[in-house]
Amino acid sequence: MGGLFAYLDPGSGSMIVQAVVGGVAAVAVAGKFYWRRFLGFIGIRRKNDSSS
Amino acid sequence: MEPRVERGSFRDPDSRVFYAGGSVHRALSERGLADWEALAETALFRDKVAEGKLVGTEQLPEPNGLPAELDAERVAAVLRHDRVPVVSYPYEWPFGMLRDAALLELELLLAALDENLILKDASPYNVQWRGTRPVFVDVGSFERLREGEPWAGYRQFCTLLLYPLMLQAFKNVPFQPWLRGSLEGIEPAEMRRLLSFRDRFRRGVLTNVVLHAKLEARYADREVKQDLKKAGFRTELIRVNARKLRKLVQRLEWKPGRTAWSTYRTTNPYDEPDAAAKLDFVREAAGARHRRLVWDLGCNDGRFTRVAAMDADYTVAVDADAAVVEALYRELRADGVDTILPLVGNLADPSPGLGWRGEERRPLVARGRPDLTLALALIHHVALTSNVPIRDFLDWLAELQTELVIEFPTRDDPMVQRLLARKGPGANPDYDTETFERALNERWRVERRDTLPSGTRILYRASPSA
């Protein structure tokens, strides 16, 4: 039980905003998020290695 | 009466509202029950209910008495909620009420985070009112926190609360027609287009609007939740954002311009002797016996509302001018009045049924019929400005089966003359005292008739004739 679904679509863009605007605490998260995206983009990391 | 499902409560399958035996119930799924149990044992729940900010709720011993349309197999428990006197919707609230609803959502979100809980949405429809005191009614919105996930309600907070408030605060554009036009509110991309270049530099706009719209467009088809988790997203970020949003919302102010109504009391021609006689008339009519629900249609500054409310359980005060309703809300809140609900509404264009099947949000009449209705200094606006035929207007009132206190300004009244002058001679021939009285007598039993000192306004007190 307690799957990860939500009845309301949180919106991908809306989730990223929250990682970007949180001041100092957010810088590391946003940086890492985009770094991982970048690695995925240049092919070093496969895009969907994240199923959990 | 058969139990029936609340039509506005189908979106969250873990928590469905229904009515049975005169009370409000909530059917919970297994998951909903686990969330409720987590909430019920917190200090947050106890304190916020005691403060009146969260609706009083108890779990029933057995999940019985379900409406037929709910699948009993999926119902793990049933809760019973305290009722709010009259349900209202964000598109009927003035600016200050929407802002206070937003602040209550944020207060509860922050309190929930401290208890390892979170709000799964941020709908202003989850906030209702006891007079001017907001109360959060959707206990099913609380769920157990999942570490590493952003707040799922943030987007809804923007579209239904933050953007409408910004629209009115920055542009002096009333948000009510927008919220009535779409139950989802204003989308990030739409909001960005509504704001000027200069507006982008106002507090909170660059992030909550511009960046939000951009990221939404860019990541429309991409799943990012897991990536954010892996990048180290923490609950602390939700807390930081909620605090920022709170500060932002607190600073949003609406300064209404001079509307026709908000200056009405100081400039209208008849005034004091008439007003005093009118107050006595209303006091007598309202004091005749105790009423459950009173409507004051065209309440203006609420002077007569307060008198009418003294002998009633609850009073709904409606006016088409959001500026006077805003002023009334602030006054009533400052005075701690919790038996008068001020709402923005135009009788000639009242709140319709909206949403799925047109039943998710209901017309005002369907949310509680009044047993006394005041219609003071109203009929000439309905009949002359909106051209509603007098007989039609009285028919509508008669259908409510309500006692009535109604004021008729005659054709000689300065305000009536002003309204007629704009339209040219011979306009609205049905607007005269004789026609009005004949129509009134056909539908009601008139119990009292007083001409006010000005001689151009007549007050009637009437009961349904059936």
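Just so we're clear, the structure is a prediction, and the values are computed from it rather than from any experiment.

Caption draft 1: A look at the packing of helix α4 (residues 154-171) of chain B against helix α7 (residues 205-218) of chain B. Residues and elements named next belong to chain B. With their axes 11 Å apart at the nearest point, α4 and α7 run at an angle of 130° to one another. Viewed along their axes, α4 and α7 adopt a mutual orientation that is oblique. When the axes of α4 and α7 are compared, the crossing they make is left-handed. Residues Y154, R155, C158, L162, Y163, M166 and F170 of α4 touch α7, and the partners they reach there are V205, N208, V209, H212 and E216. Across the contact of α4 with α7, the residue classes break down as eight nonpolar, two polar and two charged.

Caption draft 2: View of the sheet that holds strand β2 (residues 15-20) of chain B. Residues and elements named next belong to chain B. Taken in spatial order, the five strands of this open sheet run β1-β2-β3-β5-β4, and their pairing is antiparallel. The open sheet has two free edges, formed respectively by β1 (4-5) and β4 (57-59), since each of these has just one partner strand. Looking at chain direction, strand β3 (residues 23-28) and strand β5 (residues 77-81) are connected through five bridges and run antiparallel. Its bridge partner lying in β5, R26 is registered against L79. Each of β3, β4 and β5 touches helix α1 (residues 30-40); the most contacted strand, β3, lies at about 110° to it.

Caption draft 3: View of the sheet that holds strand β16 (residues 457-464) of chain B. Residue and element names in this part refer to chain B. Reading across the sheet, the seven strands line up as β12-β11-β10-β13-β14-β16-β15 and stay open at both edges, with mixed pairing between neighbours. The open sheet is flanked by β12 (340-344) and β15 (444-451), the only strands paired with a single partner. Averaged over all adjacent pairs, the angle separating strand axes in this sheet is 15°, with direction ignored. In this sheet, strand β14 (residues 403-409) lies alongside strand β13 (residues 372-375) in parallel orientation, the contact comprising four bridges. Looking across to β14, one finds that L374 is bridged to V405. Against the sheet, helix α15 (residues 390-399) touches β10 (291-297), β13, β14 and β15, its axis set at about 160° to β14.

Caption draft 4: Quick peek at the nonpolar core. All names here are of chain B. One finds W151, F157, L162, M166 and I406 to be the most contacted residues of the largest nonpolar core, which totals 129 residues. It is helix α3 (residues 95-114) that provides the largest number of residues to this core, a total of 14 residues. Counting residues in hydrophobic clusters, the runner-up holds 16 residues, among them F281, A285, F304 and L374.

Caption draft 5: Inspection of the interface of chain B and chain A at higher detail. On the chain A side, the residues contacting the 39 residues of chain B number 32 residues. Together chain B and chain A conceal approximately 3,500 Å² of surface at their shared face, both sides included; 61% is due to carbon and sulfur atoms. Joining chain B to chain A, the criterion identifies one salt bridge. With a closest N to O distance of 2.7 Å, D227 of chain B and R37 of chain A form a salt bridge. Counting every contact that joins chain B to chain A gives eight residue pairs in polar contact (both at pLDDT 80 or more). Counting only elements with at least two residues in the side of chain B that touches chain A, the list comes to α1, α4, α7, α8 (225-230) and α9 (235-251) of chain B. Broken down by class, the residue content of the side of chain B that touches chain A amounts to 15 nonpolar, seven polar and 17 charged.

Basis of the calculations
Residues numbered from 1 in each chain as written. Chains lettered and ligands numbered in written order. Predicted model: local features only at pLDDT ≥ 70, side-chain atom pairs only at ≥ 80, totals over all residues. Heavy atoms only, no water. Axes fitted to C-alpha atoms, helices over the stretch in contact; angles between N-to-C directions. Helix = DSSP H or I, 4+ residues; strand = E, 2+ residues; numbered from the N terminus. Parallel < 35°, antiparallel > 145°, perpendicular 65-115°, else oblique. Left-handed = near helix turned anticlockwise from the far one by under 90°. Contact = heavy atoms within 4.5 Å. Nonpolar A, V, L, I, M, F, W, Y, C, P; charged D, E, K, R; others polar. Pairing = 2+ DSSP bridges. Core = buried A, V, L, I, M, F, W, Y, C linked by side-chain atoms within 4.5 Å. Buried < 20%, exposed > 50% of the residue type's maximum accessible area, 1.4 Å probe, protein only. Buried area = accessible area lost by both parts, 1.4 Å probe. Salt bridge = Lys/Arg side-chain N within 4 Å of Asp/Glu carboxyl O. Polar contact = N/O pair within 3.5 Å; in protein donor to acceptor, adjacent residues only side chain to side chain.

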